[in-house]
Amino acid sequence: MTTDMWIFLGLALVAVWAAVCMLISRSAVYSALFLVLNFLTIAVVFLLLQAAFIALVQVTVYAGAIMVLFLFVIMLLGAERVETTPSLPWQAPVAVAITTVLFGLMVLALLTGQAGAAPGVEVAAGFGSPQAVGELLFSDFLLPFEVTSILLLAAMIGAIVLTRRERSREAS
Amino acid sequence: MNVPTDYLVILSAILFAIGVLGVLTRRNAIVMFMSVELMLNAANLALIAFARERGEIVGHIFVFFIIGVAAAEVAVGLALIVAIFKTKRSIDIDQVRGLRG
């Protein structure tokens, strides 16, 4: 067992624990905070995998911007605890059964697939650095990058239209 | 980096399964939405693990675009939840039964 392995096992335990806590905690605020913890541990796993740029994007965009948006909406709606009893009593057992089958299928696909047990090829020192990712992003993937900016603009306009509509109707 | 790719993919599968369970069992629309984010993140983890195994940096580009699309999706999705809350005064997913607002 190498140092990397111990670090990975610890991070994996924290990530799974945080995900389970997110799932079972009654308050939506606690769920959001556990999800932030999960995203941060996954970001450290990305660092272990020499994906430095993606790890930073994960921390700033996911754990930063997106989760702040979630917390903001939870606070805005005052919707920390809206949990009611499930209307379908058989739903939870069926959901657990379906998820178990799905997980089993994923493990089966992994065992019969071609994913290697080895950590793979050796990579250069600059692998996954902002420079390496940026060079590829602005040469081969320039068009998808620009399309993403249009997508983000469309999402922004959509969010504004969706949330302003009711207010303008009440005002008129 | 001495962690086998199998272990990373297993972790990704566990997180994805927890996300599926969250979407199927929770009634709070915001928590369901967070579970979807967890599933997206699990997929990102698998992509990064395979990118490391193959020594291909294209996987990182793919994850970058997934994060961008997720940001757009969260903005629209949370706006929809706010719109639903304005009409139904609740984000319990069982209350959203009719198609008319």
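Conventions adopted
- Residues numbered from 1 in each chain as written.
- Chains lettered and ligands numbered in written order.
- Predicted model: local features only at pLDDT ≥ 70, side-chain atom pairs only at ≥ 80, totals over all residues.
- Helix = DSSP H or I, 4+ residues; strand = E, 2+ residues; numbered from the N terminus.
- Buried ≥ 20, exposed ≤ 12 C-beta atoms within 10 Å, placed from the backbone.
- Core = buried A, V, L, I, M, F, W, Y, C linked by C-beta atoms within 7 Å.
- Contact = placed C-beta atoms within 7 Å.
- Nonpolar A, V, L, I, M, F, W, Y, C, P; charged D, E, K, R; others polar.
- Axes fitted to C-alpha atoms, helices over the stretch in contact; angles between N-to-C directions.
- Parallel < 35°, antiparallel > 145°, perpendicular 65-115°, else oblique.

Draft legend 1. Inspection of the overall build of chain A at higher detail. Counting its secondary structure elements, chain A contains six helices and zero strands. The order of α-helices and β-strands along chain A, N terminus first, is α-α-α-α-α-α. Relative to its 172 residues, chain A shows a buried fraction of 24%.

Draft legend 2. How the structure looks around the environment of M32(B). Residues and elements named next belong to chain B. With respect to the element layout, M32 can be found in helix 2 (residues 29-54). M32 gets classed as partly exposed once you count the C-beta atoms within 10 Å, which come to 19. Sequence separation between M32 and G19 is 13 residues, and the spatial gap between their C-alpha atoms is 8.4 Å.

Draft legend 3. Here's a closer look at the nonpolar core. Counting residues in hydrophobic clusters, the biggest one holds 72 residues, and the most contacted among them are F46(A), I54(A), I30(B), M34(B), L45(B) and I48(B). Mapped by element, the contributors of at least two residues to this core are helix 1 (3-24), helix 2 (28-48), helix 3 (52-77) and helix 6 (142-171) of chain A together with helix 1 (5-25), helix 2 and helix 3 (58-88) of chain B.

Draft legend 4. Expanded view of the interface of chain B and chain A. Contact with chain B, which involves 62 residues of that partner, is made by 78 residues of chain A. At the level of elements, helix 1, helix 2 and helix 3 of chain B are the ones that each hand at least two residues to the side of chain B that touches chain A. In terms of residue count, the dominant contributor to the side of chain B that touches chain A is helix 3 of chain B (22 residues). Along the lines of polarity and charge, the residues of the side of chain B that touches chain A split into 43 nonpolar, ten polar and nine charged.

Draft legend 5. Looking closely at the packing of helix 3 of chain A against helix 2 of chain B. Remark: helix 3 of chain A packs on helix 2 of chain B, axes separated minimally by 12 Å, with the N-to-C direction vectors making an angle of 175°. As the angle between them shows, helix 3 of chain A and helix 2 of chain B are arranged roughly antiparallel. Contacts between helix 3 of chain A and helix 2 of chain B involve I54(A), Y62(A), I66(A), F70(A), V73(A) and I74(A) from the first element and I30(B), M34(B), E37(B), N41(B) and I48(B) from the second. Its residues assigned to classes, the contact of helix 3 of chain A with helix 2 of chain B comprises nine nonpolar, one polar and one charged.

Draft legend 6. Highlighting the environment of Q50(A). By the secondary structure assignment, Q50(A) is in the loop between helix 2 and helix 3. Considered as a pair, Q50(A) and A109(A) are 59 residues apart in the sequence and their alpha carbons are 26 Å apart.

Draft legend 7. Structural detail: the packing of helix 1 of chain A against helix 1 of chain B. Look at helix 1 of chain A against helix 1 of chain B: their axes get within 9 Å of each other, and the N-to-C directions meet at 5°. As the angle between them shows, helix 1 of chain A and helix 1 of chain B are arranged roughly parallel. Judged by residue contacts, F8(A), A12(A), A15(A), V16(A), A19(A), V20(A) and L23(A) of helix 1 of chain A engage Y7(B), L11(B), I14(B), L15(B), I18(B), L21(B) and G22(B) from helix 1 of chain B. Partitioning the contact of helix 1 of chain A with helix 1 of chain B into residue classes produces 13 nonpolar, one polar and no charged.

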